[in-house]
Amino acid sequence: MTAEAKSRGPASLPLTERQEARRRRILHASAQLASRGGFDAVQMREVAEDSGVALGTLYRYFPSKIHLLVATMQDQLQHLHTTLRKRPPGGESAAERVAETLMRAFRALQREPHLADAMVRALTFADRSVSPEVDTVSRQTTAIILDAMGLEHPTAEQLSAVRVIEHTWHSALITWLSGRASIAQVKIDIETVCRLIDMTQTGAGAGQGRGRG
């Protein structure tokens, strides 16, 4: 089981096949409701009904709507990561590949603006009780970026650059969702911040471990 699997489910234990199937139904119901009506449309009772689980069972998996929507974002990122591995970015430089990757992620969210808004609002509202789920989203995003860079063993400086890139991507998503930035401006911001990668490449050859895909 992954670290993400260990942090979820009843008693924080690895899930059985049946429990995992139940969890997937819950996440699917959450995403469907959010896609139709955004953050406010995701009501725990409706999620329970749509996923075919008891309300008490739902709360054992996800103590609140915020927990559920942050987990939904992690699930969406996991699907994206799988897609990217099958069809990796084609840029020549690491900065180009990361920029392409993040724009593909952005466009995927753009196709489901209500869902994107619900997930981002949940991340924004998350308090310390949701830290494990938020950390899982961050680790998933980091893994996507490092795959695009072709890095298996990043240096501390490279990880710092990745964190800044993550923050910029998240901020760009918020400004776009609020109508304060166009897609063109988001693309410029993403491409600009990804140039930080070029500044960390000197002497990083030893960290190049697996290429793209």
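Residues numbered from 1 in each chain as written. Predicted model: local features only at pLDDT ≥ 70, side-chain atom pairs only at ≥ 80, totals over all residues. Heavy atoms only, no water.

J.: It is not clear to me how the overall build of the protein chain should be interpreted in this structure. Could you clarify?
T.: On a plain count of helices and strands, the protein chain comes out with 11 helices and zero strands. Helices and strands in the protein chain line up, N terminus first, as α-α-α-α-α-α-α-α-α-α-α. Across the 213 residues in the protein chain, those meeting the buried criterion constitute 46%. Counted over contacts in the protein chain with a minimum sequence separation of 6, partners at least 24 positions apart contribute 72%. As presented, the protein chain carries roughly 10700 Å² of accessible surface, and 52% of it is formed by carbon and sulfur atoms. (Helix = DSSP H or I, 4+ residues; strand = E, 2+ residues; numbered from the N terminus. Buried < 20%, exposed > 50% of the residue type's maximum accessible area, 1.4 Å probe, protein only. Contact = heavy atoms within 4.5 Å. Areas by Shrake-Rupley, 256 points an atom, 1.4 Å probe, with all protein chains shown as cover.)

J.: Mind showing me how you'd approach the environment of V162 here?
T.: Tracing the chain through its elements places V162 in helix 9 (residues 156-177). Judged by its relative accessible area of 1%, V162 falls in the buried class. Along the backbone, V162 and I145 are 17 residues apart, and their C-alpha atoms lie at a distance of 7.1 Å. Those residues in contact with V162 that lie beyond four places of it in its chain are T142, I145, L146 and M149.

J.: Got a minute to help me understand helix 7 (residues 113-125) in this structure?
T.: In an α-helix there are 3.6 residues to a turn, and that puts residues three or four apart on one side. For helix 7, with 13 residues, the first-to-last C-alpha span of 18 Å sits near the 18 Å given by 1.5 Å per residue. Buried within helix 7 are the following residues: L115, A116, A118, M119, V120, A122 and L123. Summarising the contacts, the buried residues of helix 7 are in contact with helix 2 (17-37), helix 5 (65-86), helix 6 (94-110), helix 8 (131-149) and helix 9. (Expected span 1.5 Å × (residues − 1).)

J.: How should the packing of helix 2 against helix 7 be read in this particular structure?
T.: For any two helices packed against each other, one specifies the crossing angle of their axes together with the interaxial distance. The geometry of helix 2 relative to helix 7 is characterised by a closest axis approach of 6 Å and an angle of 110° between their N-to-C directions. On the basis of their axis angle, the class for helix 2 and helix 7 is roughly perpendicular. The element helix 2 and its partner helix 7 pack so that their crossing is right-handed. Residues A31, A34, S35 and R36 of helix 2 form the contact with helix 7, whose own contacting residues are H114, L115 and A118. Partitioning the contact of helix 2 with helix 7 into residue classes produces four nonpolar, two polar and one charged. (Axes fitted to C-alpha atoms, helices over the stretch in contact; angles between N-to-C directions. Parallel < 35°, antiparallel > 145°, perpendicular 65-115°, else oblique. Left-handed = near helix turned anticlockwise from the far one by under 90°. Nonpolar A, V, L, I, M, F, W, Y, C, P; charged D, E, K, R; others polar.)

J.: Got a minute to help me understand the pattern of salt bridges in this structure?
T.: Close approach of charged atoms lets side chains of opposite charge pair. Summed over the entire model, instances satisfying the criterion amount to five salt bridges. The closest approach of N and O atoms between R85 and D147, which form a salt bridge, is 3.0 Å. Remark: D147 occurs in helix 8 and R85 occurs in helix 5; sequence separation between them is 62 residues. (Salt bridge = Lys/Arg side-chain N within 4 Å of Asp/Glu carboxyl O.)

J.: Quick question: what am I supposed to make of the packing of aromatic side chains here?
T.: Aromatic rings considered in pairs are described by the distance between their centres and by the relative angle of their planes. Within the structure shown, the criterion is met by two aromatic pairs. Each ring, one from F39 and one from F125, has its centre 5.6 Å from the other, and the planes form 80°; the classification is edge-to-face. Here F39 is found in the loop between helix 2 and helix 3 (44-51), whereas its partner F125 is found in helix 7, with 86 residues between them in sequence. On the basis of relative accessibility, which here comes to 47%, the residue F125 falls in the partly exposed class. The positively charged end of K65 is found above the aromatic ring belonging to F39, 3.9 Å away from the centroid. (Phe/Tyr/Trp six-rings, centres within 6.5 Å; stacked < 30°, edge-to-face > 60°. Lys NZ or Arg CZ within 6 Å of the ring centre and 35° of its normal.)

J.: What's the story with helix 9 in this structure? I'm lost.
T.: With 22 residues, helix 9 should reach 32 Å at 1.5 Å per residue; the first-to-last C-alpha distance of 32 Å fits that figure. Looking only at helix 9, the buried set comprises Q158, A161, V162, I165, E166, W169, A172, L173, T175 and W176. Structurally, helix 9 contributes buried residues whose contacts are with helix 5, helix 6, helix 7, helix 8, helix 10 (183-194) and helix 11 (196-199). Phi turns positive one or two residues past the end of helix 9, at G179, with a value near 80°.

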